[in-house]
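Results of the structural survey
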Amino acid sequence: MTDQAAVDLLDIDPAFGTDPYPAYAVLRARGPVHEIRGGGEERFWLVVGHDACREALVDPRLSRDWRRNGHLATGLDAPPATDGPGNAHMLLSDPPDHTRLRRLAARAFTPRRVAALAPRIQEVTDGLVDGMLAAEDRRADLVDALAYPLRITVICELLGIPELDRDAFRRWSDEITAPTGAEAARAAQAEAVPYLGGLIAAKREAPGDDLLSDLIHTVDEGGDRMSEDELLSMALLLLLAGHESTVNFLCKGVRALFAHPEQFALLRGDLDGLVEGAVEEMLRYDAPVETAPPRVAVEPVEIGGRLVPAGAVVLIALADAGRDPARSTAPDRFDIRRTAAGDRAHLAFGHGVHYCLGAPLARLEGRIVFRTLLGRCPTLAPDGAEGGRMSGLLARGERKVPVRW
């Protein structure tokens, strides 16, 4: 086992906050696991490279259950911040709890239900593109005009959120996923939690044709069902996780096309034939979520010759996994016509027991959005300087994608 000093990502590349891939490539060349210095006394361990990331994603010693194991990282006896209402979901649990929750969710979140959403997603997309193209100055921000309203509408309809309540739901989502401050984020969650509790109670009495109603009434072969807090937590998880991943996916995909005009022209010339491959290449080239949610090592873990100590916080670089030359030919080249399975390999939706349950929905939304947007707006182009990303490894996301046509 090797021992290396902790590194600062900004020392490797000062532009890491806007483009992390050069720094990831430097780290990957040194090895798959690195101790990273953050701000102040912050330390965490970062896993890079496709195979090492895939291995770490399925290692049971790297726990997602911060309610039970968070004290190993903090050194505190007090309950962690995740020990509260709305946090009893799959993303913060390990087997066997995770196995039970995912089994129950999968019985309601079926491929048939996702496929049945296609006509409505198409209808919403058409309406949003209509509104965008009506702008007299022929300019728009794709985040506000298309990506975000599409995602929030689909999630609200999937969960059965009444239309009159969706403005409040969007406000809570905005504040929780991109908070203006810690207090504002707590206040938004404090409003969202009782609202969802009331909605669950109403749907228990009068079920609708929606996912939340199905989750409430789903019982597995052993007679198990989700508790009240687990139902509420699942609704919050669908709202928050889906918000970040899908909005980022759509916006990063457009940016990749703008940066590669020859690929943009290819896709416009054969939308039906190339859109599926384009969606997979977008996911590989610039993953919607840069790192998987943090894990804590419940015991010492050796990965790629490095010993990660017990109590360490571990981040797995999903984005770098798609740029590993050991898996993909010319991985820094954006090529929507990649066909070989290895060349298209990515971990954008994770791997193992925590593989994203909403991946089929995100892919469906991507195919519909790109086919519709580029089919109806073939002259789409970036409008001046592009908006920046949020700074920081855990917070990086899309802000603005200004376009013209």
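Residues numbered from 1 in each chain as written. Predicted model: local features only at pLDDT ≥ 70, side-chain atom pairs only at ≥ 80, totals over all residues. Heavy atoms only, no water.

**Focus: helix α4 (residues 66–74)**
Rules: Remark: exposure states derive from per-residue accessible area (1.4 Å probe, protein chains only) relative to the maximum for the residue type, with buried under 20%, exposed over 50%, and partly exposed in between. Only runs of H or I of at least four residues qualify as helices and only runs of E of at least two qualify as strands under DSSP, and these elements are numbered from the N terminus. Note that the arc is computed from the directions linking the helix axis to the C-beta atoms. Any pair of residues with heavy atoms lying within 4.5 Å of one another is described as a contacting pair. Throughout this description, a polar contact denotes any pair of N or O atoms lying within 3.5 Å of each other; where both atoms belong to protein, one of them has to be capable of donating a hydrogen while the other can accept it, and for residues adjacent in sequence the pair is counted only when both atoms sit in side chains.
Among the residues of α4, those classed as buried are W66, N69 and G70. Considered in projection along α4, the buried side chains sweep an arc of 130° and stay on one side of the axis. Buried positions along α4 lie against β3 (62–63), β5 (295–297) and β8 (313–316). Of the residues that open α4, the one with a side-chain oxygen 3.2 Å from the backbone nitrogen of R67 is D65.

**Points about the pairing of β8**
Every regular strand shows the same layout, with side chains that alternate between the two sheet faces. The criterion, for reference: Two strands pair if DSSP finds at least two bridges between them.
Here strand β2 (residues 43–47) runs beside β8; their pairing, made up of three bridges, is parallel. Along β8, the bridge assignment pairs W45 with V314.

**Points about the pairing of β2**
Counted residue by residue, β2 has four buried out of five residues, so it is predominantly covered. Relative to β2, strand β1 (residues 33–37) runs antiparallel, the two being bridged by five bridges. Within the sheet, the bridge partner assigned to R37 lies in β2 and is R43. Count of turn residues in the β1/β2 antiparallel hairpin: five residues, of which G40 carries a positive phi of about 65°.

**Let's talk about the pattern of salt bridges**
Here is the rule: Put simply, a salt bridge is a Lys or Arg side-chain nitrogen that is within 4 Å of an Asp or Glu carboxyl oxygen.
Inspection of every chain in the model, using the stated rule, returns 29 salt bridges. Between R139 and D383 there is a salt bridge; the shortest N-O distance is 3.0 Å. Here D383 lies in the loop between β9 (381–382) and β10 (402–404) and R139 lies in strand β4 (residues 139–141), a separation of 244 residues in the sequence. Notably, a salt bridge pairs E365 with R151, separated by 3.2 Å at the nearest N-O pair. Within this pair, whereas E365 is found in helix α16 (residues 359–376), its partner R151 is found in helix α8 (residues 142–159), the two being separated by 214 residues in sequence. There is no split in this pair, since E365 and R151 are both buried.

**Structural notes on the side chain of H34**
Note on placement: H34 falls in strand β1. Sequence-distant contacts of H34, defined by excluding residues within four places in its chain, comprise Q4, L27, F44, W45, L46, V48 and R306.

**A look at the packing of aromatic side chains**
Heads up, the condition is: Pairs were defined over the aromatic rings of Phe, Tyr and Trp, the Trp ring being its six-membered one, requiring ring centres within 6.5 Å. Orientation was assigned from the angle between planes: stacked under 30 degrees, edge-to-face over 60, tilted for the rest. Ring-over charges, as used throughout, are those where CZ of Arg or NZ of Lys falls within 6 Å of the ring centre and within 35 degrees of the ring normal.
Tallied over the entire structure, the rule returns nine aromatic pairs. Note on F169 and W172: the rings are 6.3 Å apart at their centroids and 70° apart in plane angle, and the pair reads as edge-to-face. Of this pair, F169 and W172 both sit in helix α9 (residues 166–177), three residues apart, which is roughly one turn of that helix. Each member of the pair F169 and W172 is classed as buried. For the ring pair W172 and Y195, a centre distance of 5.4 Å and an interplane angle of 55° mean the geometry is tilted. With W172 in helix α9 and Y195 in helix α10 (residues 182–205), this pair connects stretches of sequence that are 23 residues apart. Classification of W172 by relative accessible area gives buried; the value is 6%. Classification of Y195 by relative accessible area gives buried; the value is 19%. Among the aromatic residues, those joined into a ring-pair cluster are F16, Y21 and Y24. Seen from the ring of Y285, R323 lies directly overhead, with NZ or CZ sitting 4.0 Å from the centre.

**Quick notes on the packing of helix α7 (residues 118–133) against α8**
Note the threshold: Inter-axis angles, ranging from 0 to 180 degrees, are taken between N-to-C directions of lines fitted to C-alpha atoms, where helices are fitted over the stretch in contact. Roughly parallel means an angle under 35 degrees; roughly antiparallel, over 145; roughly perpendicular, 65 to 115; everything else is oblique. Two helices crossing with the near one rotated counterclockwise from the far one by less than a right angle form a left-handed crossing, whereas a clockwise rotation gives a right-handed crossing. Polar here means any residue other than Ala, Val, Leu, Ile, Met, Phe, Trp, Tyr, Cys and Pro, which are nonpolar, and Asp, Glu, Lys and Arg, which are charged; Gly is therefore polar.
It is the contact of α7 with α8, at a shortest axis distance of 10 Å, that shows an interaxial angle of 155°. Our classification of the angle between α7 and α8 gives roughly antiparallel. Remark: the crossing between α7 and α8 carries right-handed chirality. Side by side, α7 and α8 meet where R120, I121, V124, T125, L128, V129 and M132 of the first sit next to L142, A145, L146, P149, L150, T153, V154 and E157 of the second. Grouping the constituent residues of the contact of α7 with α8 by class yields 11 nonpolar, two polar and two charged.

**A few points about the environment of G304**
Take G304: it is sitting in the loop between β6 (301–303) and β7 (306–308). It is 53 Å that separates the C-alpha atoms of G304 and A206, two residues lying 98 residues apart in sequence.

**Some remarks on the confidence of the model for the protein chain**
It should be kept in mind that the predicted coordinates are not to be read in detail where pLDDT is low. Rules: A residue's pLDDT is the confidence the predictor assigns to it, expressed on a 0 to 100 scale.
When the pLDDT values of the protein chain are averaged, the result is 89; 92% of them are 70 or greater. Averaged pLDDT values for the elements of the protein chain fall to 82 in α9 and rise to 98 in β3.

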